[in-house]
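The primary structure of each chain is shown beneath.
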Amino acid sequence: MSDPQHPRWQDWALLLFLAGMWGTAFLFIEFSLESLPPAALSFTRLTIAAVCVTAFAYASGHRLPKLSDPRWKFFVFLGFFGNALPFFLIPLGQTQLPSALAGILLAIMPLSTVALAHFFANEKLTGWKLAGFAVGFAGAVILIGPAALAGLGGPTFLAQLAIVGAALSYALNATMTRRAPPTHPAILASGALICSSIWGAPFGIWQLASNDLPATISGWGSLIWLALGPTALATVLYVGLIARAGAGFMSLVNYLVPIVALFTGLAFGEAIGWNAYLGLVIILAGIALARRTVKPARV
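For the structure given in this document, a descriptive report is provided here. This one's a predicted model, so the numbers in the text were calculated from it and none came from an experiment. (Residues numbered from 1 in each chain as written. Predicted model: local features only at pLDDT ≥ 70, side-chain atom pairs only at ≥ 80, totals over all residues. Heavy atoms only, no water.)

**Here's the deal with the packing of aromatic side chains**
What the rule picks out here adds up to 10 aromatic pairs. Note on phenylalanine 28 and phenylalanine 31: the rings are 6.4 Å apart at their centroids and 85° apart in plane angle, and the pair reads as edge-to-face. Of this pair, phenylalanine 28 and phenylalanine 31 both sit in helix α1 (residues 9–32), three residues apart, which is roughly one turn of that helix. Since its relative accessible area comes to 23%, phenylalanine 28 is described here as partly exposed. Accessibility expressed as a relative area gives 25% for phenylalanine 31, which makes it partly exposed. A network of ring pairs unites the aromatic residues Phe77, Phe80, Phe81 and Trp199 as a single cluster. The residue whose ring lies beneath arginine 45 is phenylalanine 87, and the NZ or CZ to ring-centre distance is 4.0 Å. (Phe/Tyr/Trp six-rings, centres within 6.5 Å; stacked < 30°, edge-to-face > 60°. Helix = DSSP H or I, 4+ residues; strand = E, 2+ residues; numbered from the N terminus. Buried < 20%, exposed > 50% of the residue type's maximum accessible area, 1.4 Å probe, protein only. Lys NZ or Arg CZ within 6 Å of the ring centre and 35° of its normal.)

Set out below in structure tokens:
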């Protein structure tokens, strides 16, 4: 197991891989909203992912614990704060907000995680770590574009609160995942996804039944990818990475996701200005600061 203060190169590679999947998810969410409203999108995405991860776990020789097992309490908690709640809040916010502002608001997640992990996951908050996360947040704002902050408040205030709520929910989930009883990542991910699907069922099924949006190939195709990649596969990898390297390290992904999202936009013909490259440098500097450790003084 990795030391949270000294992650291995494999941990960094996995972090970048997760950032790649999650950074492109915003684009696919926009496509999926063409065919499904937010709650229906969240429920369908989570249900498909839960079936796939559970099938994978059982095919690998792992079994879900009995319902009397106390680990189900963690599954219920992680299913709500790690998937059901944020998967509903983010599409809800994106129906009124540009992706740039949504990205900036989600960037408060690492700052929230490092504070929560200090108190609840035994990951000590150092001055370097706090400075690094603050610098990383500033870099995210510069990368996405300071002009996006002009949209704060105003008529979309509730949509902004939805994105902030999702960021805080992710932070709480990352912290509590670190405290979960020893469980194979596939089983922990499977249990959490099953519970998240149940959490989202009432509203999600109601929206599915009353949905009158067109069933486009891009909409449903994007939904399938969101379920299989950024949800099913990513949840298994995410759980394993937190167990090895810690919640604070995992939260760095939220500074990398805007970078991926930005270059995804470039691939689709969007222009990238000087602020993007400056923001990239500042984010990387912030990550370097956050991972800096203080060497013990020689005596």
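**Here we look at α1**
Along its 24 residues, α1 runs 34 Å from first to last C-alpha, staying within 8% of the 34 Å computed at 1.5 Å per residue. Residue phenylalanine 26 marks the point of greatest curvature in α1, where the axis turns by about 35°. (Expected span 1.5 Å × (residues − 1). Bend = angle between axes of the 7 residues up to and from the residue.)

**A few points about the packing of helix α7 (residues 157–179) against helix α9 (residues 217–245)**
The contact between α7 and α9 brings their axes to 9 Å, and the two run at 60°. Note that α7 runs across α9; the crossing there is right-handed. Across the interface between the two elements, Tyr170, Asn173, Ala174, Thr177 and Arg178 of α7 pack against Tyr238, Val239, Ile242, Ala243, Arg244 and Ala245 of α9. (Axes fitted to C-alpha atoms, helices over the stretch in contact; angles between N-to-C directions. Left-handed = near helix turned anticlockwise from the far one by under 90°. Contact = heavy atoms within 4.5 Å.)

**Description of the packing of helix α3 (residues 71–94) against helix α8 (residues 185–210)**
Relative to each other, α3 and α8 sit at 55°, their axes nearing to 7 Å. Judged on the interaxial angle alone, α8 and α3 are oblique. In this structure, the crossing between α3 and α8 has a hand that is right-handed. Note on element contacts: α8 touches α3 through Ile187, Leu188, Gly191, Ala192, Leu193, Cys195, Ser196, Trp199 and Phe203, opposite Trp72, Phe75, Val76, Leu78, Gly79, Phe80, Asn83, Ala84 and Phe88. Residues belonging to the contact of α3 with α8 are distributed by class as follows: 14 nonpolar, four polar and no charged. (Parallel < 35°, antiparallel > 145°, perpendicular 65-115°, else oblique. Nonpolar A, V, L, I, M, F, W, Y, C, P; charged D, E, K, R; others polar.)

Don't take any of this as a statement about function, it's just geometry.
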